[in-house]
Amino acid sequence: MTEVGVRGRPEGPDAGSGRVVVLGATGFVGGHVGAALEAAGYEILAVARRPLKTPASWRFRPMDLAHGGPEALTRLIETERPVAIVNACGEVWSPDAEGMRRNNELLVDRLLAALAASTARPRLIQLGSVHEYAPQPHGVWLTESSPEEPVSDYGRTKLKGSRAVLRAVRAGDADAVVLRLSNVIGAGTPRASLLGQVAAQLLAGGRDGAPAQVRVFPLRSSRDFVDARDVSRAVVAALRAPDASGRVLNIASGTSQHVRDMVDLLLAISGRQAALVERGTAGLRPAADNDWTGVDVSAARTLLGWEPRHTPRDMVEELWRAAARQD
């Protein structure tokens with residue numbers, strides 16, 4: 001395997017580290033990952049379907065892996081000889097089950113076929129999801145040995161992609177690490193997400209001096225929210241950790257936050273006058289959570305020398321600053 005870095009330096013600059021192909025580089029998580037890799041000394045080759053805005057220092061290659069075959073990617077790998085590939089592609093918010101299968105499952109199969117056909121052996125960092133696990137009761141933390149019984153199309157298709165990656169490692173066809181991410185928050189948080197929706201409504205409302213009307217579905221769950229910058233640092237660390245190949249590692253904050261608290265925090269940070277309306281409920285917070293997620297990150301701490309640094313306030317402030325700049 002090509003040497004990809006020095007263990008113990010999971011994020012610092014390492015001049016001449018090599019080239020990294022970031023699939024889905026124009027997306028929310030892919031953009032953050034590319035920025036962190038560049039800061040760590042890597043050259044970025046961004047691959048996405050459409051040539052959206054990317055930093056001038058990045059090279060860009062348009063490619064549609066979800067609909068095309070693996071041949072173009074094989075040629076790219078052979079020509080560019082990257083030290084790593086980060087798969088930040090995927091479908092999260094689509095109601096279309098076939099779209100989920102195409103972007104979360106079939107795309108991974110084509111990526112693995114391209115790697116198998118190449119003489120190069122870059123490390124693959126597959127970005128998975130904690131939704132690949134079965135939901136756990138309140139107070140039971142998700143670990144890498146938790147049951148893999150997802151309840152959504154998103155979780156099921158992401159799990160199939162992750163399992164395909166791990167099979168390729170066991171067969172000797174790939175050098176890969178699967179990072180299962182919790183709910184990622186930060187600059188550029190998609191508007192389809194809960195906090196993205198709240199930020200958009202805060203910006204759209206109240207322009208005439210009246211309070212903005214922020215309408216949400218009932219806020220009854222608790223989730224592990226992780227800062228996009230912490231996720232990006234984990235990708236750099238996984239790329240450089242020689243003993244991580246074939247491993248699944250949870251990347252999260254290691255805490256569980258009630259979503260109502262996160263929405264209230266965003267409202268407070270925005271400084272906007274707003275009325276929060278929970279559709280289908282009187283707006284009362286339940287006495288006990290009936291939908292709870294907490295994620296254990298001790299394996300990533302041990303193997304990658306990584307740990308989350310940012311608080312819920314940090315990630316919500318970053319989300320709001322970026323959203324307000326775009327307004």
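Okay, so let's go over this structure. Note that this is a predicted model, so its numbers are computed, not measured.

A look at the nonpolar core
Thought 1: Ranked by size, the top nonpolar core spans 75 residues in total, and within it Val 20, Leu 37, Leu 127, Leu 179, Ile 251 and Leu 304 carry the most contacts.
Thought 2: Ranked by the residues each element gives to this core, the list is headed by helix H6 (residues 228-240), at eight residues.
Thought 3: Discounting residues that sit within four places of it in the chain, Leu 37 has contacts with Val 20, Val 22, Tyr 42, Ile 44, Val 86, Val 236 and Leu 239.
Thought 4: Counting residues in each nonpolar core, the second largest holds 22 residues, with Leu 203, Val 214, Val 259 and Trp 320 among its members.

Digging into the sheet that holds strand E3 (residues 59-62)
Thought 1: With parallel pairing, the seven strands of this open sheet are ordered in space as E3-E2-E1-E4-E5-E6-E11. Both outer strands of the open sheet, E3 and strand E11 (248-251), are each paired with one neighbouring strand and no more. Averaged over all neighbouring strand pairs, the angle between strand axes comes to 25°, with direction disregarded.
Thought 2: When strand E1 (residues 18-23) meets strand E4 (residues 84-87), the two strands line up parallel, connected through four bridges. Paired with Val 20 across the strands is Ala 84, a residue of E4.

What about the pattern of salt bridges?
Thought 1: The full count for this structure, using the stated rule, is 21 salt bridges.
Thought 2: In this structure, the salt-bridge partner of Asp 153 is Arg 156, at a minimum N-O distance of 3.0 Å. Of this pair, Asp 153 and Arg 156 both sit in helix H4 (residues 153-170), three residues apart, roughly one helical turn.
Thought 3: Assessed through its relative accessible area of 36%, Arg 156 is described here as partly exposed.
Thought 4: A network of salt bridges, in which partner residues are shared, links Arg 19, Glu 43, Arg 59, Arg 61 and Glu 80.

Description of the packing of helix H1 (residues 28-39) against H6
Thought 1: Put simply, H1 and H6 touch, their axes get as near as 8 Å, and they point 55° apart. The orientation of H1 relative to H6 falls into the category oblique. Two packed elements cross with a definite hand, and for H1 against H6 that hand is right-handed. Contact with H1, carried on its side by Phe 28, Val 29, His 32, Val 33, Ala 36 and Leu 37, involves Ala 228, Val 231, Ser 232, Val 235, Val 236 and Leu 239 of H6 and no other residues of that element.
Thought 2: Residues of the contact of H1 with H6, tallied by class, amount to 10 nonpolar, two polar and no charged.

Here's the deal with H6
Thought 1: Helix length check: H6 (13 residues) gives 19 Å between terminal C-alpha atoms against 18 Å at 1.5 Å per residue, within 8%.
Thought 2: Looking at H6, one finds that the buried residues are Ala 228, Asp 230, Val 231, Ser 232, Arg 233, Ala 234, Val 235, Val 236, Ala 237, Ala 238, Leu 239 and Arg 240.
Thought 3: The backbone nitrogen of Arg 229 has a side-chain oxygen 2.7 Å away, supplied by the residue at the start of H6, namely Asp 227.

What about the pairing of E11?
Thought 1: Residue alternation in E11 divides its side chains into two sets, Val 248 and Asn 250 and Leu 249 and Ile 251, and both sets are buried.
Thought 2: Relative to E11, strand E6 (residues 175-181) runs parallel, the two sharing four bridges. Bridge pairing in E11 places Arg 180 opposite Asn 250.

Considering the environment of Gly 254
Thought 1: As for its position among the elements, Gly 254 is in the loop between E11 and strand E12 (257-258).
Thought 2: The partly exposed category is assigned to Gly 254, whose relative accessible area is 27%.
Thought 3: Separated by 62 residues in the primary sequence, Gly 254 and Ala 192 place their C-alpha atoms 24 Å from one another.

Points about helix H2 (residues 71-80)
Owing to its 3.6 residues per turn, the α-helix brings residues three or four apart onto one side.
Thought 1: Within H2 the residues assigned to the buried category are Leu 73, Thr 74, Leu 76, Ile 77 and Glu 80. Seen from one end, H2 has its buried residues packed into an arc of 160°, which puts them on one side. Those residues of H2 that are exposed and aimed more than 90 degrees away from the buried face are Arg 75 and Thr 79.
Thought 2: The inward-facing, buried residues of H2 contact E1, strand E2 (42-48), E3, E4 and helix H3 (97-117).
Thought 3: Positioned one or two residues after H2, Arg 81 has a phi angle of 50°, which is positive.

A word on the sheet that holds strand E14 (residues 291-292)
Thought 1: In space, the three strands of this open sheet follow the order E12-E9-E14, with mixed pairing throughout. At either margin of the open sheet sits one strand with a lone partner, and together these are E12 and E14.
Thought 2: As defined by bridge partners, strand E9 (residues 221-223) adjoins E12 across two bridges and the pair is classed as antiparallel. Looking at the pairing, Ser 222 lines up with His 258 of E12.

The rules behind the values
- Residues numbered from 1 in each chain as written.
- Predicted model: local features only at pLDDT ≥ 70, side-chain atom pairs only at ≥ 80, totals over all residues.
- Heavy atoms only, no water.
- Core = buried A, V, L, I, M, F, W, Y, C linked by side-chain atoms within 4.5 Å.
- Buried < 20%, exposed > 50% of the residue type's maximum accessible area, 1.4 Å probe, protein only.
- Helix = DSSP H or I, 4+ residues; strand = E, 2+ residues; numbered from the N terminus.
- Contact = heavy atoms within 4.5 Å.
- Pairing = 2+ DSSP bridges.
- Axes fitted to C-alpha atoms, helices over the stretch in contact; angles between N-to-C directions.
- Salt bridge = Lys/Arg side-chain N within 4 Å of Asp/Glu carboxyl O.
- Parallel < 35°, antiparallel > 145°, perpendicular 65-115°, else oblique.
- Left-handed = near helix turned anticlockwise from the far one by under 90°.
- Nonpolar A, V, L, I, M, F, W, Y, C, P; charged D, E, K, R; others polar.
- Expected span 1.5 Å × (residues − 1).
- Polar contact = N/O pair within 3.5 Å; in protein donor to acceptor, adjacent residues only side chain to side chain.
- Arc of directions from axis to C-beta.

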